[in-house]
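Next come the chains, spelled out residue by residue.
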Amino acid sequence: MKDKKNVAKNSADGAEARLRQRWKPLSFFERWHARSFLLMAFDLLAMAGAYFLALWIRFDCEYTHIPRHFLISLANFLPIYLLVGLVVFCALRLYQSVWRFASFSELKRILLAATITTAVHVLGITFLFELMPISYYIIGSVLQFGLILGIRFCYRFVALERERAKRAAQKNLANRVMLIGAGSAGQLILRDLHHAKEVNDRVCCIIDDDKTKWGCSIDDVPIVGGRDE
């Protein structure tokens, strides 16, 4: 009876493996999380909305004051611009970063993407359709950069705050530890302890023999003295 169960189990496992192999091409979509699609949709809205808002602001925030030929030019150019912008963002890997750990590297790539798409917008709409007001180009590029940067670092801020709140709730249950060394290696260890889910340790103080660091803190953890104390 036990052998029959094992045979049935092995048969089921084999069928499941064959099914996974059959649907292997779908693994590409599995790598794209819902956040990436939402971020892509927001970027498209940001690129379109930023320049419409720029036109609206340029004409005293009155839609009826905007000349119709400007609106027609913008509407005709937007499909081209959004397609080019999406290609630029994908090429610069803006949808592959883990934004909860975003750093200066991501900021540089966002700045580069904003610069390229701004140049594309200025040259494209000017030569393909018509010359827009100078303030339109300036306001639109600033709004686009702010929206694209803001949504990413807002996500990072929210994620960090959620982690901070979770750590605060677990403080009373955590083991209180002291970290020796306030240099770059100590900072890495401290960061790993803050983000590690399998470790129930809380660093409550740091010691270092460098007296110039005494009284300072790293990530809200105080440096209280040296090893002799």
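Refer to the preceding data block for the structure.
An account of the accompanying structure is given in this report. Note that this is a predicted model, so its numbers are computed, not measured.

1. A look at the overall build of the chain
Next, step 1: Scanning the chain for helices and strands turns up seven helices and four strands.
Next, step 2: Listing the helices and strands of the chain from first to last along the sequence gives α-α-α-α-α-α-β-α-β-β-β.
Next, step 3: By residue count, 31% of the 229 residues in the chain fall in the buried class.
Next, step 4: Surface exposure of the chain reaches about 15300 Å², of which carbon and sulfur atoms provide 63%.

2. Some details on the environment of Ser217
Next, step 1: Of note, Ser217 is situated in strand 3 (residues 217-218).
Next, step 2: For Ser217 and Ile206, which are 11 residues apart along the polypeptide, the C-alpha to C-alpha distance reads 8.3 Å.
Next, step 3: When residues no more than four places from it in sequence are discounted, the contact partners of Ser217 are Pro222 and Ile223.

3. Some thoughts on the nonpolar core
Next, step 1: Ranked by size, the top nonpolar core spans 32 residues in total, and within it Leu55, Phe89, Met132 and Tyr136 carry the most contacts.
Next, step 2: Of all the elements, helix 4 (residues 68-91) adds the most residues to this core, at 10 residues.
Next, step 3: Each residue touching Tyr136, except ones within four places of it in the same chain, is listed here: Tyr51, Ala54, Leu55, Leu74, His121 and Ile125.
Next, step 4: Grouped together as the second largest cluster of nonpolar side chains are eight residues, Leu179, Val203, Ile206 and Ile218 included.

4. Notes on the packing of aromatic side chains
Next, step 1: Evaluated as defined, the whole model comprises seven aromatic pairs.
Next, step 2: Arranged with centres 6.2 Å apart and planes meeting at 70 degrees, the rings of Phe77 and Phe129 form a pair that is edge-to-face. A residue pair is termed long-range when its members are at least 10 positions apart, and Phe77 in helix 4 and Phe129 in the loop between helix 5 (104-128) and helix 6 (134-169) qualify at 52 residues.
Next, step 3: Looking at Phe77, the relative accessible area reads 2%, which means it is buried.
Next, step 4: Given a relative accessible area of 33%, Phe129 falls into the partly exposed group.
Next, step 5: When the centroid spacing of 5.4 Å and the interplanar angle of 70 degrees are considered together, the rings of Tyr136 and Tyr137 count as edge-to-face.
Next, step 6: Through a chain of ring-to-ring contacts, three or more aromatic side chains come together here, namely Tyr51, Phe77, Tyr81, Phe129, Tyr136 and Tyr137.
Next, step 7: Positioned over the ring face of Phe59 is Arg58, at 4.7 Å from the centre of the ring.

5. Overview of helix 5
Next, step 1: Here helix 5 spans 35 Å end to end across 25 residues, near enough to the 36 Å set by a 1.5 Å rise per residue.
Next, step 2: Among the residues of helix 5, Glu106, Arg109, Ile110, Ala113, Ala114, Thr117, Thr118, His121, Gly124 and Ile125 are the ones counted as buried.

6. Here's the deal with the pattern of salt bridges
Next, step 1: The final tally for this structure, using the stated rule, is one salt bridge.
Next, step 2: Residue Arg227 pairs with Asp209 through a salt bridge whose shortest N-O separation is 2.6 Å. With a gap of 18 residues between them, Arg227 in the segment after strand 4 (221-225) and Asp209 in the loop between strand 2 (201-207) and strand 3 connect regions that are remote in the sequence.

7. Quick look at the sheet that holds strand 2
Next, step 1: If you trace the four strands from one edge of the open sheet to the other, you get 1-2-4-3, paired in mixed fashion. Looking along the sheet, the strands with just one partner apiece sit at the ends: strand 1 (175-180) and strand 3.
Next, step 2: Where strand 1 meets strand 2, six bridges bridge the pair, whose relative direction is parallel. If you follow Leu179 over to strand 2, its bridge partner there is Ile206.

Procedures and definitions
Residues numbered from 1 in each chain as written. Predicted model: local features only at pLDDT ≥ 70, side-chain atom pairs only at ≥ 80, totals over all residues. Heavy atoms only, no water. Helix = DSSP H or I, 4+ residues; strand = E, 2+ residues; numbered from the N terminus. Buried < 20%, exposed > 50% of the residue type's maximum accessible area, 1.4 Å probe, protein only. Areas by Shrake-Rupley, 256 points an atom, 1.4 Å probe, with all protein chains shown as cover. Contact = heavy atoms within 4.5 Å. Core = buried A, V, L, I, M, F, W, Y, C linked by side-chain atoms within 4.5 Å. Phe/Tyr/Trp six-rings, centres within 6.5 Å; stacked < 30°, edge-to-face > 60°. Lys NZ or Arg CZ within 6 Å of the ring centre and 35° of its normal. Expected span 1.5 Å × (residues − 1). Salt bridge = Lys/Arg side-chain N within 4 Å of Asp/Glu carboxyl O. Pairing = 2+ DSSP bridges.

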